[in-house]
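Listed below, chain by chain, are the residues.
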Amino acid sequence: MNKIPVCSLEELSGGKTQVIDVEGKSVLVLQLGEEYFAVESICSHADVSLEDGDVDESDYTIECPKHGSLFSIKNGEALTLPATKPLKTWVASTDGENVVIEL
Ligand code: FES
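Caption draft 1: The pattern of salt bridges, seen in detail. Taken as a whole and assessed by the stated rule, the structure comprises two salt bridges. The salt bridge partner of Lys3 is Glu102, with a shortest N-O separation of 4.0 Å. Note that Lys3 is positioned in strand S1 (residues 3-8) and Glu102 in strand S9 (residues 98-102), a separation of 99 residues in sequence. Judged by relative accessible area, Lys3 falls into the partly exposed class, the value being 48%. Using a relative accessible area of 22% as the deciding quantity, one classes Glu102 as partly exposed. Two residues, Glu40 and Lys25, come together in a salt bridge whose shortest N-O distance is 3.6 Å. Pair noted here: Glu40 is in strand S4 (residues 35-40) and Lys25 is in strand S3 (residues 25-32), with a separation of 15 residues, a long-range link. Assessed through its relative accessible area of 16%, Glu40 is described here as buried. Residue class for Lys25 comes out partly exposed when judged on its relative accessible area of 33%.

Caption draft 2: Region of the structure containing the nonpolar core. Leu30, Leu50 and Phe71 are the most contacted members of the largest nonpolar core, which has 16 residues in total. If you list the elements that add at least two residues to this core, you get S3 and S4. Leu30 has contacts with Leu12, Thr17, Glu35, Tyr36, Phe37, Val39, Val55 and Ile73, leaving out every residue within four places of it along the chain. Within the second largest apolar cluster, 13 residues are counted, among which are Val6, Ile20, Trp90 and Val99.

Thresholds applied
Here the residue index of a chain counts from 1 through its sequence in written order. Predicted model: local features are reported for residues with pLDDT of at least 70 only, side-chain atom pairs are reported and counted for 80 or more only, and whole-chain, interface and lining totals are derived from all residues. Excluding hydrogens and water, the side-chain figures rest on all heavy atoms present in the structure. The rule for a salt bridge is simple: a side-chain nitrogen of Lys or Arg has to be within 4 Å of a carboxyl oxygen of Asp or Glu. Only runs of H or I of at least four residues qualify as helices and only runs of E of at least two qualify as strands under DSSP, and these elements are numbered from the N terminus. Burial classes follow relative accessibility: with a 1.4 Å probe on protein chains only, a residue under 20% of its type's maximum area counts as buried, one over 50% as exposed, and anything between as partly exposed. The set of buried Ala, Val, Leu, Ile, Met, Phe, Trp, Tyr and Cys residues whose side-chain atoms join them within 4.5 Å is what this entry labels a nonpolar core. The contact definition used throughout considers only heavy atoms, calling two residues in contact when any of these lie within 4.5 Å.

Quick look at the structure:
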């Protein structure tokens, strides 16, 4: 498994998110509590960025700002309509001062 650094821990401090390109995919990286997540940043319903979507830290969900579909941050599952297809997710962790994802 190839782990690549995607951002620094500092770049996610205070609830900030980062969007980076990994192998042609736009990836949203975020921290919830002590855990790190990486999820496709484009809604599976239409070509809309989830970067400004509301994150529910207790339910581990992100809401698409366009039509309101909820997605699981943990596994990308589309939890509410109109989206029906999941988002791709990556395993994220830390390595020193960086967040890394597994390809
Ligand atoms: S564009 Fe995200 S739910 Fe429609």
